[in-house]
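Take a look at the letters that make up each chain.
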Amino acid sequence: MFTGIVEGTGRILGIKKNTDRRSAVKLTVDLGRNAKGLKIGQSVAINGVCLTVTGISKSKCDFEMIDETTKKTDLGNLKVGGIVNIERSLKVGDRMEGHFVLGHVDGVGTITKIEKRPKEIKIWFEIPKHLSRFVVQKGSIAIDGISLTVVDVKKNLASVCLIPHTVEVTNFQIRKIGDKVNIETDILGKYLLKQE
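Thresholds applied
- Residues numbered from 1 in each chain as written.
- Predicted model: local features only at pLDDT ≥ 70, side-chain atom pairs only at ≥ 80, totals over all residues.
- Heavy atoms only, no water.
- Domains from an automatic or database assignment.
- Contact = heavy atoms within 4.5 Å.
- Salt bridge = Lys/Arg side-chain N within 4 Å of Asp/Glu carboxyl O.
- Patch = residues over 30% accessible without salt bridge, like charges linked within 9 Å, V, L, I, M, F, W, Y side chains within 5 Å.
- Areas by Shrake-Rupley, 256 points an atom, 1.4 Å probe, with all protein chains shown as cover.
- Helix = DSSP H or I, 4+ residues; strand = E, 2+ residues; numbered from the N terminus.
- Buried < 20%, exposed > 50% of the residue type's maximum accessible area, 1.4 Å probe, protein only.
- Pairing = 2+ DSSP bridges.
- Polar contact = N/O pair within 3.5 Å; in protein donor to acceptor, adjacent residues only side chain to side chain.
- Axes fitted to C-alpha atoms, helices over the stretch in contact; angles between N-to-C directions.

(A) Seen up close, the domain arrangement of the protein chain. Assigned domains within the protein chain: domain 1 (8-88) and domain 2 (107-195). Each of domain 1 and domain 2 has a C-alpha centre, and these two points are 22 Å apart. Counting from both sides, the interface comprises 14 residues of domain 1 and, opposite them, 14 residues of domain 2. Here domain 1 and domain 2 share one salt bridge between them.

(B) Main features of a nonpolar patch on the surface. Side chains of Met1, Met96, Phe100 and Leu188 sit close together on the surface and give an oily, nonpolar patch of about 360 Å² of accessible area. Following the sequence through the fold, Phe100 ends up in the loop between strand E6 (83-88) and strand E7 (107-116). Take Phe100: its relative accessible area is 36%, and that puts it in the partly exposed class.

(C) Inspection of the environment of Thr166 at higher detail. Its location among the elements puts Thr166 in helix H2 (residues 164-169). For Thr166, a relative accessible area of 15% translates into the label buried. Counting along the chain gives 46 residues from Thr166 to Glu120, while the straight-line C-alpha distance between them is 9.5 Å.

(D) Fine view of the pairing of strand E5 (residues 60-65). Note that strand E2 (residues 25-30) and E5 share six bridges and pair antiparallel. Bridge pairing links Leu27 to Phe63 in E5. Where strand E4 (residues 49-57) meets E5, four bridges bridge the pair, whose relative direction is antiparallel. In the sheet register, Ser57 faces E5, and the bridge partner there is Lys60. Counting the residues that bridge the hairpin from E4 to E5 gives two residues, and of these Lys58 lies at a positive phi of roughly 60°.

(E) Unusual backbone geometry, seen in detail. For Asn47, which is not glycine, the phi torsion reads 50° and is therefore positive. With respect to the element layout, Asn47 can be found in the loop between strand E3 (43-46) and E4. Look at Asn47 and you get buried, because its relative accessible area is 1%. Positioned with a positive phi, Lys138 is a non-glycine residue whose angle comes to about 70°. Residue Lys138 is classed as exposed on the basis of its relative accessible area, which comes to 63%.

(F) Fine view of the side chain of Glu87. Within the secondary structure, Glu87 sits in strand E6. Looking at Glu87, its side chain comes within polar contact range of the main-chain nitrogen of Gly4, at 3.0 Å. When sequence neighbours within four positions are dropped, the list of residues in contact with Glu87 reads Phe2, Thr3, Gly4, Ile5, Val6, Glu7, Val44, Ala45 and Gly145.

(G) Structural context of the side chain of Lys122. Tracing the backbone through its elements, the reader meets Lys122 in strand E8 (residues 121-126). For Lys122, the side chain forms a polar contact with the side chain of Asp152, separated by 2.7 Å. Lys122 has contacts with Lys113, Ile114, Glu115, Arg117, Val151, Asp152, Ser159, Val160 and Cys161, leaving out every residue within four places of it along the chain.

(H) Looking closely at the sheet that holds E3. The strand order around the closed barrel formed by six strands is E1-E2-E5-E4-E3-E6, and the pairing between neighbours is antiparallel. The average undirected angle you get between the axes of adjacent strands in this sheet is 45°. Looking at chain direction, strand E1 (residues 8-17) and E6 are connected through four bridges and run antiparallel. Residue pairing across strands places Gly10 opposite Val84, the latter belonging to E6.

(I) How the structure looks around the pattern of salt bridges. Applying the stated criterion to the full structure yields ten salt bridges. A salt bridge links Glu68 to Lys72, with the nearest nitrogen and oxygen atoms 3.1 Å apart. Here Lys72 and Glu68 lie together in helix H1 (residues 67-72), a separation of four residues that amounts to about one turn. With a relative accessible area of 44%, Glu68 lands in the partly exposed category. Across the pair Glu115 and Arg117 runs a salt bridge, and its minimum N-O distance is 2.8 Å. Several salt bridges converge on common partners, so that one network encompasses Asp74, Asp144, Arg175, Lys176 and Asp179.

Next comes the structure, spelled out in C-alpha cells:
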C-alpha cells in the first residue's frame, strides 16, 4: 500500500523484453537515494504501479512485469532514459499524508491541457469512460502515483492542480500535452459504489 506522496524520481536504465524468467519485461531503474535499505521482494510504486523488486545493485533495481501490467498501464510505453515517479511502500506507523493508493492502476488517461499559473499548474486529462463514475470533484485520485485532489470534472475530462513543489519532485516537470498517465481512482469510492 502507498499514500501517493512521491519520494522522488528515478531514471530508466534498461528495458528487456522476453526475459529468460517468467516475466514479459524486466525493467531496470536507478532509484538513487530511494534504493537505500530496499530488499528483494519489497514493493515500489513506479509511476503509481506497484512492482516487486527482483534484483538490486547499489541504486539500480530490477522489476519484472507481466503482459497485463504493460497493457493496462503506461509502463509499456517507457523508454530508456525516461523519468518515473518513485514511492516506497507504506510501513506500519508511517504518516498517512495522501490517500490510500494500492498501486493497482485502473486505466490510462491522456493529458489534454496544461495551464501554467504563477503559483500552480492546472492539468486537464481525459479519463477512460469506464472510470468517469469514480472521479468526483474534490475527491482523491492518483495520477502517475501522485495523490491529488480533483478540481473539475466535465464528462470524461478532469483537472488537478499542482503546487511548484509537486512539479519539482515528480515527473510532471517534463510532462506535456498528449502524454499518457496512469490513473488510480479512490478505492473508498469504488467500494461505496459497489454497494449500490
